[in-house]
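For reference, the chains in residue letters:
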There are 2 protein chains.
Amino acid sequence: MEKMKRAERMVAITQVLMLKPNVLTPLALFAEQFRTAKSTISEDLMAVKGSLQLSGHGHLETIPGAAGGVRYIPEISKGEATAVLNSLAERLNDKERILAGGFIYMTDLLFNPSILRPLGLIFAGAFRQKKPDVVVTIETKGIPLALVTAEALGVPMVVIRSGNKVTEGSSVSINYVSGSSRRIQTMSLSRRALEARQRVLIIDDFMKAGGTALGIKSLMEEFQADVVGIGILVEAQITSEPKLVEGYLSLLQLKELNPDSGKTTVVPVFL
Amino acid sequence: MEKMKRAERMVAITQVLMLKPNVLTPLALFAEQFRTAKSTISEDLMAVKGSLQLSGHGHLETIPGAAGGVRYIPEISKGEATAVLNSLAERLNDKERILAGGFIYMTDLLFNPSILRPLGLIFAGAFRQKKPDVVVTIETKGIPLALVTAEALGVPMVVIRSGNKVTEGSSVSINYVSGSSRRIQTMSLSRRALEARQRVLIIDDFMKAGGTALGIKSLMEEFQADVVGIGILVEAQITSEPKLVEGYLSLLQLKELNPDSGKTTVVPVFL
């Protein structure tokens, strides 16, 4: 690669760091790639840092010392988070989305990368200081949401299987009572999936009574995991019954769902 | 936002464009945000474009005219793709990964965002010219792979459910014969999930005989969809039996899996 001017290097550095969010890159690597002195890279990074500071979309973190380097921490500004949740609530309130059984059709939104990405950043921002080692969810619809959250935090994801489907060596299964249907169900996780004493962030798309979340917590105890947070995209708040779990964060609340009148009321709660 | 210098604007523009890959941003929006003339933004963009050109990680595409603008197309260089697939093959060849039934434990890799991201870029690069409208997969383990591919292409993802689990209004189900187990199984998709005549890219994590891929193709016919490609991460090539589908692209081939000797041979094929 031929030698670049400062502005060009700054753009290239921004690109490389954004491609690997949360990953520490040593300054020496940039110095080698751009054939320039580490002190020059250091100045470039200061300028990039300053330029990103105002955007609210993410910032650079520099770690000094021999094992140090620089990494890009992705973020979402409060203003953008508010706009995203307001717009999502509005879309969910469309009466065409009402399904039998008191549910809302959300699948198209939950599987759309451009909608998921900011939601992952919101969850990551809310739970980053809890330092989770892994994001845990249960199949199926919460998987994309858990994945974008894991990526924004720079940690892997683990997916609990419904039933006894695990074909991956020995596994741990627990029975749990789905709070809304009152039916006994099973969830399983391969022993390989989690090391002992990991810090776990639970992410799911929907919570009604909280039975599934409680089940996941019980399963995590079997792995001696430390549940450091629970993030839920939409929490049903239609009855005043208390949830089976406490201390979760929901981004949206479903306050009303009337199939007869076609009226749904979803409101953002994390603002 | 106070007025920035060129280098600072270039970094900020790079960040904004990379945060929304494949999305067209009008120049006027940047001009307003950075309080400068459109002609200045135009020059900034030329410089950013030049700087990104050499990296192989993605480039800018500018569309002229009133409805025009600029977008970031994420890419992976051939060299990096090769390195990623070689490293993945090596990890899969670890004998600790052998599972009963002729499978390899891949879940930790399939659920790790930093491993998934480049794989999505490889699939996107291979199929971008086919202009898919949507990426389709079947639950569960292929979902993250399909999602990162969809994001790299800038399209939504659709997930087919195993069995008859769809609770989302009317759905279409088909029976199919899983090629390896010879058992009749069911897959279903909500009618809401796909519009008619969409161009579909099928992505899955593993193919043995190809029965699942054939099933997905049949289901797509029910939606009058046009299957423009099939991308598979690992294809088992242990027997010489022909697959039930043709014209797919696999990134890795499993050539040998011997639980007795603990020998697995996975090789990259897309180089």
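Residues numbered from 1 in each chain as written. Chains lettered and ligands numbered in written order. Predicted model: local features only at pLDDT ≥ 70, side-chain atom pairs only at ≥ 80, totals over all residues. Heavy atoms only, no water.

> Explain the nonpolar core here, please?
Across soluble globular proteins, nonpolar side chains have a tendency to be buried as a group. L119 of chain A together with L119 of chain B are the most contacted members of the largest nonpolar core, which has 91 residues in total. Beyond its immediate chain neighbours, meaning those up to four positions away, L119 of chain B contacts V84, L85, L88, L145, L233 and L251 of chain B. (Core = buried A, V, L, I, M, F, W, Y, C linked by side-chain atoms within 4.5 Å. Buried < 20%, exposed > 50% of the residue type's maximum accessible area, 1.4 Å probe, protein only. Contact = heavy atoms within 4.5 Å.)

> I tried to follow the packing of helix α1 (residues 6–19) of chain A against helix α3 (residues 38–53) of chain B on my own but got confused; where do I start?
Packed helices, taken two at a time, are described by their axes: the angle between them and the distance between them. Packing of α1 of chain A against α3 of chain B leaves a shortest axis separation of 9 Å and a crossing angle of 60 degrees. Considered as vectors, α1 of chain A and α3 of chain B are oriented oblique to each other. Classified by chirality, the crossing of α3 of chain B by α1 of chain A is right-handed. When α1 of chain A is examined against α3 of chain B, the residues E8, V11, A12 and Q15 of chain A are found in contact with a partner set consisting of V48, S51 and L52 of chain B. The residue makeup of the contact of α1 of chain A with α3 of chain B, split by class, is four nonpolar, two polar and one charged. (Axes fitted to C-alpha atoms, helices over the stretch in contact; angles between N-to-C directions. Helix = DSSP H or I, 4+ residues; strand = E, 2+ residues; numbered from the N terminus. Parallel < 35°, antiparallel > 145°, perpendicular 65-115°, else oblique. Left-handed = near helix turned anticlockwise from the far one by under 90°. Nonpolar A, V, L, I, M, F, W, Y, C, P; charged D, E, K, R; others polar.)

> Just to check I follow, could you spell out the pairing of strand β7 (residues 171–177) of chain B for this structure?
Within a regular beta strand, the side chains point alternately toward one face of the sheet and then the other, so they alternate between its two faces. All names here are of chain B. Alternating residues of β7 divide into V172, I174 and Y176, all buried, and S171, S173, N175 and V177, none buried. In this structure, β7 lies alongside strand β8 (residues 184–190), joined through seven bridges in antiparallel fashion. Bridge pairing in β8 links V172 to L189. (Pairing = 2+ DSSP bridges.)

> Would you mind going over the sheet that holds strand β8 (residues 184–190) of chain A with me for this structure?
Within a beta sheet, neighbouring strands are joined by backbone hydrogen bonds and run either parallel or antiparallel to one another. Residues and elements named next belong to chain A. An order of β7-β8-β6-β5-β9-β10-β11-β12 is seen for the eight strands of this open sheet, with the pairing classed as mixed. The sheet is open, and its two borders are formed by β7 (171–177) and β12 (263–268), each paired with just one other strand. Going from strand to strand, the sheet's axes swing by 25 degrees on average, the running direction of each strand aside. Where strand β11 (residues 249–258) lies against β12, six bridges are found, and the strand directions are antiparallel.

> What is the right way to look at the interface of chain B and chain A in this model?
One frequently used descriptor of interface size is the decrease in accessible area upon assembly of the parts. Each side of the interface is counted separately: chain B has 53 residues, and chain A has 53 residues. A combined buried area of about 4,400 Å² lies between chain B and chain A, and 64% of that area is made up of carbon and sulfur atoms. A per-residue breakdown of the area chain B buries against chain A is headed by V11, Q15 and R192 of chain B, which together make up 14% of the total. Taking the shortest distance from any N to any O, the salt bridge between R117 of chain B and E151 of chain A comes out at 2.3 Å. In this structure, the connection of chain B to chain A is made through 14 residue pairs in polar contact (both at pLDDT 80 or more). Sorting elements by how many residues they give to the side of chain B that touches chain A places helix α1 (residues 6–19) of chain B first, with nine residues. The residue inventory of the side of chain B that touches chain A, partitioned by class, reads 28 nonpolar, twelve polar and 13 charged. (Buried area = accessible area lost by both parts, 1.4 Å probe. Salt bridge = Lys/Arg side-chain N within 4 Å of Asp/Glu carboxyl O. Polar contact = N/O pair within 3.5 Å; in protein donor to acceptor, adjacent residues only side chain to side chain.)

> What exactly am I supposed to notice about helix α8 (residues 211–222) of chain A here?
In an α-helix there are 3.6 residues to a turn, and that puts residues three or four apart on one side. For α8 of chain A, which comprises twelve residues, the first-to-last C-alpha distance of 17 Å matches the rise-based estimate of 16 Å (1.5 Å per residue) to within 8%. Positive phi appears at Q224 of chain A, one or two residues downstream of α8 of chain A, with a value of about 50 degrees. (Expected span 1.5 Å × (residues − 1).)

> What exactly am I supposed to notice about the environment of L219 of chain B here?
Residues and elements named next belong to chain B. Within the fold, L219 resides in helix α8 (residues 211–222). Separated by 21 residues in the primary sequence, L219 and Q198 have C-alpha atoms spaced 13 Å apart. Non-local contacts of L219, meaning those with residues more than four positions away in its chain, are made with I160, V172, I174, M187, S188 and L189.

> When you look at the relation of the copies chain B and chain A in this model, what are you seeing that I'm missing?
With an RMSD of 0.0 Å, the fit of chain B onto chain A corresponds to turning through 180 degrees and sliding 0.0 Å along the axis. As the rotation angle and translation indicate, the two copies are arranged about a two-fold axis. Most of the interface of chain B is mirrored in chain A: 100% of its interface residues are interface residues there too. (Least-squares fit on C-alpha atoms with pLDDT ≥ 70 in both.)

> Which parts of the structure should I look at to understand the pattern of salt bridges?
Oppositely charged side chains can pair when the atoms bearing their charge come close. Scanning all chains against the criterion turns up 18 salt bridges over all chains. A single network of salt bridges, built from pairs that share partners, joins R6, R9, E43 and D44 of chain A.

> Which parts of the structure should I look at to understand the domain arrangement of chain A?
All names here are of chain A. Segmentation of chain A into domains returns domain 1 (6–74) and domain 2 (78–268). Between domain 1 and domain 2, the C-alpha centre-to-centre distance is 34 Å. Each partner contributes residues to the interface: domain 1 has five residues there, and domain 2 has seven residues. Taken over both partners, the interface formed by domain 1 and domain 2 buries close to 400 Å², and the fraction arising from carbon and sulfur atoms is 51%. Along the contact surface separating domain 1 from domain 2 lie five residue pairs in polar contact (both at pLDDT 80 or more). For the side of domain 1 that touches domain 2, a count of residues per class yields three nonpolar, two polar and no charged. (Domains from an automatic or database assignment.)

> Would you mind showing me how to read helix α3 (residues 38–53) of chain A here?
Residue and element names in this part refer to chain A. The end-to-end C-alpha separation of α3 is 22 Å, in line with the 22 Å expected for 16 residues at 1.5 Å each. Along α3, the positions that sit buried rather than exposed are T40, I41, D44, L45, V48, S51 and L52. Relative to the axis of α3, the buried residues are bounded by an arc of 135 degrees and lie together on one face. Away from its buried face, by an angle of more than 90 degrees, α3 presents the exposed residues M46 and Q53. (Arc of directions from axis to C-beta.)

> Looking at this model, I keep getting lost on the sheet that holds β7 of chain B. Mind explaining?
Residue and element names in this part refer to chain B. As summarised here, the arrangement of the eight strands in space is β7-β8-β6-β5-β9-β10-β11-β12, forming an open sheet in which the pairing is mixed. In the strand order of this sheet, the two ends are held by β7 and β12 (263–268), each with one partner. Each strand of the sheet is rotated relative to its neighbour by a mean of 25 degrees, with strand direction disregarded. Two elements, strand β5 (residues 134–138) and strand β9 (residues 199–207), share three bridges in a ladder whose sense is parallel. Within β9, the position partnered with V136 by the bridge is I202.

> Explanation requested: the packing of aromatic side chains in the structure shown.
According to the stated counting rule, one finds two aromatic pairs over all chains in the structure shown. Geometrically, the ring pair formed by F30 of chain A and F34 of chain A is stacked, given 6.1 Å between the ring centres and 5 degrees between the ring planes. Note on F30 of chain A: relative accessible area 0%, which makes it buried. The exposure class of F34 of chain A is buried, given its relative accessible area of 3%. Across from the ring centre of Y105 of chain B, 4.8 Å away, lies the NZ or CZ of R192 of chain A, which sits over that ring. (Phe/Tyr/Trp six-rings, centres within 6.5 Å; stacked < 30°, edge-to-face > 60°. Lys NZ or Arg CZ within 6 Å of the ring centre and 35° of its normal.)

> I would appreciate a short explanation of the UniProt feature "domain: Bacterial purine repressor N-terminal" (unreviewed entry) in chain A in the present structure.
Mapped onto this numbering, the UniProt entry annotates "domain: Bacterial purine repressor N-terminal" (unreviewed entry) at residues 5–74 of chain A. Structurally, residues 5–74 of chain A is divided into 53% helix and 17% strand, and its ends, taken at the C-alpha atoms, are 26 Å apart. (UniProt positions renumbered as here; feature names shortened; annotations may be inferred.)

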